[in-house]
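Spelled out from the first residue to the last, the chains are:
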Amino acid sequence: MTSVTGAALSASLGASLLAAVAGAALPRRVRPAGAGLCTAVAGAAAVVAGVAAMTGRSWSAWLPELLPLAGVRLAVDPLGGLFIAVTGAVAVCAAVYGVGYARPPRDGHGHGLDGRTVQAVLPLFVAAMLLVPAAASVSTFLVAWELMALASLLLVVAEHRHRASVGTAGLWYAVMTHLGLVAILAGLAGLAAAAHGESFDRLRAAAEGLSPAVRGAVFVATFAGFASKAGIIPLHVWLPRAHPEAPSHVSALMSAAMVNLGGYGIVRVGFDLLGGGPVWWWLLVLAAGAVSALYGILQAAVATDLKRLLAYSTCENMGLVLVGLGAGGLLLTAGARPPAALALTAALLHVVNHAAFKTLLFLAAGSVLRATGLRDLDALGGLRTRMPLTTAAFAVGALAASALPLGNGFVSEWLLLQSLIGSLGEGGTISAVTMPVAVAALALSAGLAVATFVKAFGTGFLARPRTPQAQAAAESPATMGVGMGVAAACCLALALVPAFTAPGLAGAVQVVLPGQDALTGQVTLRLAAASSTVSPLLIAVSVVGAVALLRIAMIRRARRRARLWDCGMGPLNARMEYTATSFAEPLQRVFDDVLAPETDLNVTPLAESAYLVESVTYRARVGDRIERRLYRPVVAAAAAVGEAARRLANGSVHRYLAYGFGTFTGVLILLAVTR
Amino acid sequence: MKDLLRKIRKTGRVAEDPPERPAGDVPDALGELGGSVQLRHVDAGSCNGCEVEIASAFGPVYDAERYGARLVASPRHADALLVTGPVTRNMEVALRRTYEAVPAPKVVVALGDCARDCGVFAGAYGVAGAVRDVVPVDVEVPGCPPEPEAIVAALRGLTGR
Amino acid sequence: MSDVTYVRLLDLACGAFLLAAVLVLWRRDLAAIVRLFAIQGAALAALVAVLGVHEGLDGHGAELLALGAGLAVLRAVVLPRLLRRAIVGGDVRETEPLVNVAASLVVAAGLALLSYAVTRPVVALEPSPAVRAVPVALTVVLIGFFVLVTRRRALSQVVGFLLVDNGITAVAFLTTSGVPLIVELGVSLDVLLAVLVLQVLTARMRAAFGGTDLDDLRELRD
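Definitions and limits used
Residues numbered from 1 in each chain as written. Chains lettered and ligands numbered in written order. Predicted model: local features only at pLDDT ≥ 70, side-chain atom pairs only at ≥ 80, totals over all residues. Helix = DSSP H or I, 4+ residues; strand = E, 2+ residues; numbered from the N terminus. Buried ≥ 20, exposed ≤ 12 C-beta atoms within 10 Å, placed from the backbone. Contact = placed C-beta atoms within 7 Å. Rg over C-alpha atoms; globule rule 2.2 N^0.38 Å. Nonpolar A, V, L, I, M, F, W, Y, C, P; charged D, E, K, R; others polar. Expected span 1.5 Å × (residues − 1). Pairing = 2+ DSSP bridges. Axes fitted to C-alpha atoms, helices over the stretch in contact; angles between N-to-C directions. Parallel < 35°, antiparallel > 145°, perpendicular 65-115°, else oblique. Left-handed = near helix turned anticlockwise from the far one by under 90°. Core = buried A, V, L, I, M, F, W, Y, C linked by C-beta atoms within 7 Å.

(A) Examining the overall build of chain A more closely. Across its full length, chain A holds 26 helices and seven strands. With the C-alpha coordinates aligned to their principal axes, the bounding extent of chain A is approximately 95 × 75 × 60 Å. By the burial criterion, 52% of the 675 residues in chain A qualify as buried. Here the contacts in chain A between residues at least 6 apart in sequence split such that 79% fall between residues at least 24 apart.

(B) Layout of the overall build of chain C. Regarding its fold elements, chain C presents nine helices and zero strands. The linear arrangement of helices and strands in chain C, starting from the amino end, is α-α-α-α-α-α-α-α-α. Taken over C-alpha atoms, the radius of gyration comes to 18 Å for chain C, in line with the 17 Å a tight globule of 222 residues would show. Expressed as lengths along the three principal axes of its C-alpha atoms, the size of chain C is roughly 55 × 35 × 30 Å. Counting the 222 residues in chain C, one finds 39% classified as buried. Restricting the contact set of chain C to residue pairs at least 6 apart, pairs at least 24 apart contribute 74%.

(C) Expanded view of the interface of chain A and chain C. Taken together, the contacts link 17 residues of chain A with 18 residues of chain C. A total of eleven residues in the side of chain A that touches chain C trace back to one element, the largest contributor, which is helix α26 (residues 653-674) of chain A. Residue classes in the side of chain A that touches chain C are distributed as ten nonpolar, five polar and two charged.

(D) Spatial organisation of the interface of chain A and chain B. On the chain B side, the residues contacting the four residues of chain A number eight residues. Classifying every residue of the side of chain A that touches chain B by side-chain character gives two nonpolar, one polar and one charged.

(E) Quick look at the environment of A:Val543. All names here are of chain A. By secondary structure assignment, the location of Val543 is in helix α22 (residues 536-556). We classify Val543 as partly exposed; it has 13 C-beta atoms within 10 Å. Along the backbone, Val543 and Gly329 are 214 residues apart, and their C-alpha atoms lie at a distance of 36 Å. Beyond its immediate sequence surroundings of up to four residues, Val543 is in contact with Pro405 and Leu406.

(F) Highlighting helix α8 (residues 212-230) of chain A. Residue and element names in this part refer to chain A. Between the first and last C-alpha of α8 there are 26 Å, a value that for 19 residues agrees with the 27 Å anticipated at 1.5 Å per step. Considered for burial, the residues of α8 that qualify are Arg215, Val218, Phe219, Ala221, Thr222, Phe223, Gly225, Phe226, Ala227, Ser228, Lys229 and Ala230. Residue Gly231 follows α8 closely and has a positive phi angle near 85 degrees.

(G) Expanded view of the pairing of strand β7 (residues 613-621) of chain A. Residue and element names in this part refer to chain A. Burial within β7 is sparse, with just zero of its nine residues counted as buried. The pairing of strand β6 (residues 598-605) with β7 spans eight bridges and is classified as antiparallel. By the bridge assignment, Asn602 is partnered in β7 with Thr617.

(H) Fine view of the pairing of strand β3 (residues 80-84) of chain B. All names here are of chain B. When you tally the buried positions in β3, you get five out of five residues, the bulk of the element. Because side chains alternate across β3, one face comprises the buried residues Ala80, Leu82 and Thr84, and the other comprises Leu81 and Val83, equally buried. In terms of strand pairing, strand β1 (residues 37-43) meets β3 through five bridges, oriented parallel. Among the inter-strand pairings, Leu39 is bridged to a residue of β3, identified as Ala80.

(I) Quick peek at the environment of A:Ala472. Assignment of secondary structure puts A:Ala472 in the loop between α19 (468-471) and α20 (478-496). In the structure, A:Ala472 is positioned 47 residues away from A:Gly425 in sequence and 58 Å away in space, judged by C-alpha atoms.

(J) Local environment of the sheet that holds strand β4 (residues 525-527) of chain A. Residue and element names in this part refer to chain A. Taking strand neighbours across the sheet as the criterion, the three strands line up as β3-β4-β5 in an open arrangement whose pairing is antiparallel. In the strand order of this sheet, the two ends are held by β3 (519-520) and β5 (532-534), each with one partner. Bridge count for β3 against β4 is two bridges, and the pairing is antiparallel. Looking across to β4, one finds that Leu519 is bridged to Leu527.

(K) Quick look at the packing of helix α12 (residues 279-301) of chain A against helix α13 (residues 306-333) of chain A. Residues and elements named next belong to chain A. Closest axis-to-axis distance for the α12/α13 pair is 7 Å, and the angle between their directions is 160 degrees. The orientation of α12 with respect to α13, classified from their angle, is roughly antiparallel. The two elements α12 and α13 cross, and the hand of that crossing is left-handed. A per-class count over the contact of α12 with α13 returns 21 nonpolar, nine polar and one charged.

(L) Geometry of the nonpolar core. Residues and elements named next belong to chain A. Counting 226 residues, the largest nonpolar core has Val90, Phe125, Leu253, Leu360 and Cys491 as the members making the most contacts within it. Counting residues per element, this core draws most heavily on helix α14 (residues 337-372), which supplies 23 residues. Those residues within four positions of Val90 in sequence are excluded, and the remaining contacts are Ala252, Leu253, Ala256, Ala257, Ala355 and Thr359.

(M) Region of the structure containing the sheet that holds β3(B). All names here are of chain B. Spatially, five strands are ordered β2-β1-β3-β5-β7 in an open sheet, and the strand pairing comes out parallel. Each end of this open sheet is capped by a strand with a single partner; those strands are β2 (69-71) and β7 (139-141). The mean inter-strand angle of the sheet, taken between neighbouring strand axes irrespective of direction, is 30 degrees. Bridge count between β1 and β2: three bridges; the pairing is parallel. Each bridged residue has a counterpart across the sheet, and for Gln38 the counterpart in β2 is Arg70. Against the sheet, helix α5 (residues 148-159) contacts β1, β2, β3, β5 (107-111) and β7, and its axis sits at roughly 165 degrees relative to β7.

(N) Structural detail: unusual backbone geometry. A cis amide bond links A:Ile233 with the next residue in sequence, A:Pro234, at an omega value of -5 degrees. On the secondary structure map, A:Pro234 appears in the loop between α8 and α9 (239-245). Residue B:Cys144 is joined to B:Pro145 through a cis peptide bond whose omega torsion reads -5 degrees. If you trace the backbone, B:Pro145 turns up in the loop between β7 and α5. Residue B:Asn48 is not a glycine yet carries a positive backbone phi of 80 degrees. In this structure, B:Asn48 sits in the loop between β1 and α2 (49-57). Of note in this structure, B:Cys118 is not a glycine but carries a positive phi near 70 degrees.

(O) Representation of the arrangement of the chains within the structure. Among the two pairs of chains in contact, the pair with the most contacts is chains A and C. The smallest C-alpha distance separating chain B from chain C is 68 Å, and no contact links them.

(P) Spatial organisation of α14(A). Between its terminal C-alpha atoms α14(A) stretches 52 Å, which fits the 52 Å expected from 36 residues at 1.5 Å a residue. A:Gly373 lies just past α14(A) and shows a positive phi near 75 degrees.

(Q) Structural detail: the environment of A:Leu320. Residue and element names in this part refer to chain A. Relative to the helices and strands, Leu320 is located in helix α13. A tally of 31 C-beta atoms within 10 Å means that Leu320 is categorised as buried. On a C-alpha basis, the gap between Leu320 and Ala441 in space is 9.5 Å, while along the polypeptide they are 121 residues apart. With residues up to four places along the chain from it excluded, the contact list for Leu320 reads Gly289, Ala293, His350, Glu413, Leu416 and Leu442.

Right, here's the structure in full:
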């Protein structure tokens, strides 16, 4: 039986393998182009497969020979199709962009990424990310998950020869992603053991009969693993370390496609396999999401490294997705199905929107990094005249990320708010208490998001360049522009006519919540559960129209050229501009208790007298407080245990042999006693 | 807060009674302001003696604000410039730009002998000239430094209160 | 041979086998230890021969007899000769072991009890005279391991290792009446090579450090 979904997915995987081979075998000059184009084809085929699945053409396959002991079981339903389509679209943009990005910049202060490892592993990463939503048994899922983790790890440390911080970032990422894998493995293996089978159909059928303790344990274990992958506080510490150090198109893939799979896992296990659960599950999800949204955007607001800012913004957006999922679960448990469907639709739409604008933002940041060699917002500026295309792309992305009406983030956040507010009547006392808190958290994070992206765009791209490198910036090659352009076009389409996603989202939500569509309409979206409507296209048209009218009205008035007031002694130079640090300083002061910035002040006096100062060094940074308070003690304790265990090995061969002998006889004694 | 209120009650009113309004009309330029004049003070190179007297004039004893005069931070917000000191070479451009930044209608008050004719600093190497050599002056207040009562009288002449 | 004779000969061979191992714990003289090892090798060969004769001289029994002869040659003649070459010059007597002789003998008794307790299910599976002797062989394994742990000289450790191997071979022959020839050949070759290497190592140690007390070598750590 031929199926569009199956054929397209197979074509996509085949094209990725071809791209990997091309990346390993082609000579250096054509390697980026060959591998990049094949990966782009793979991404496009994946989009076709995902869209076909979302519109109802599900597909499954069973390949017993491929994996020893367990075989490979694939099934693409509308929910998986959504994530496959998103991954495919991001892969297209990143692959086309990567063709130009891999070539070294012409002025020589940079390096290229056309090595065999990066070019061959990137398509494999894409293929693994396409397999995860298509997996239909525990072993297939875990194998695909681990492949994704390994491939992304190799890509993150691609530039380790150029910067020392890449190695540390890779280490943190490796440890945390594998701890997450252990948690997911524990949860899914426990579920499979209790259900006496490992295919998802078997798990679904058996989940009804499991005890609440087992179900709860499985949910908590898998939630820990998936939340870590999605970048949820407090398991997020790898994100702001790994994303800045990875090459930019890899950061885009990780931030816009890989972290979504954490959300996919929560939906698949929590809603689909376990079939929903008690209230405390969804309160956990909601609380984690709300805290992530707030903390993530707060850290982004005070971050001066552009890619670190974008990484924390990913934490925030994933937090919003989890808020939607948690709200949906809470409402489902309380029996209010239409509002639950709306909350889930909002969460999934936010996944799509976030993928679109985060890709665009990371690609634009990569363009800046390649042109100037800088990631530090304090040192950039004045890029509007020198890199107009990149500036326009970043502007579209920043508008979307700020959740303001002309951007695509607005639609999904508005839907999320509507689902939370509209559900205040139903759902019992628990939701009556938690929903307003969630709304408040959402509102605060939206406000901080506006501040963050105004800072990022304003201090990074506008005004005048603050360093010679920013002054010498030149626009990026055409392929990078095409990649950014495709992502920008997706953002605009999602912003103006989001209704084209409504049938697909309805299909995806109905996998876990069969019932009527939550969202209907073409130009104006009608919400079934909240009796409200929104029409992004009309809003955009009216805003543009109003601005045009204003401009026409203002042209009539007489204008006079006057000198800017610059305190009389101008002209202002670039060093007097607002930097990112100064822009965020009021926020940092307000949230001082949460952020706990560190300052180092070293005063070196002259040798002759302690009262005369030779030099003063001042360093201020906002570190991640959760990492400091939560992770460092754990790492220190592990190191202490290791040091103590060293004393076990004192060099005496007899002692080592005695350990072996003692264990052997101990086991034998145990055997003798227990039999 | 309690202590503050108690202190206010104990101190009572310190401001002196307003003297007679000085004769003369408000300058034509400021006629439409209705008695509220925003002043931007510019120190074009003074020894700060006049600044001390201005501070005193706006303090609790002489309280120039009750007559409608108010000090503002930016020339864009100002109706009048209050210039002290001889105009030094370094401040000449700044004073001219400040004057150009004040929106019309505007007046310039030259406060103190140095502002009027360079005072004791006439002919010094760092001095470019008196205030009237750089910007057009409408009101002059003599004195080195002028007493607060004189400053208040000049401001009352601007506001008409 | 009749059943009674077979059982008596089997028990005699196993007894000699075990006694040799226990006496290794008692004697501190290195030459004596090597001689005891040779005696144990002979006992093992006798054990295999008894098993072979019991099986019948056609087919499997002849194979066992051949194996027994090979074992006798290897473990009673060749290996002891190699070990004696390592004693030449220097230390003739073992220094005070880490666990003194009296305590070692008590531990040997304890290990015997343990092996009887552990192999009860194995014996219960098939209560033939051969399988009933398996605890003896397992005791020899444990005693050999114990010798490895508590004796200081390198040569004593080699003997301990060889005791373990003897015990494992005995267990194999008692439970399954022999392993395939090729396996036995492979194991024997490994043992031979191990002893050769250890002999060379011992000579090197003596040349480098003037003694082979392993407690002096403490660099294998972080």
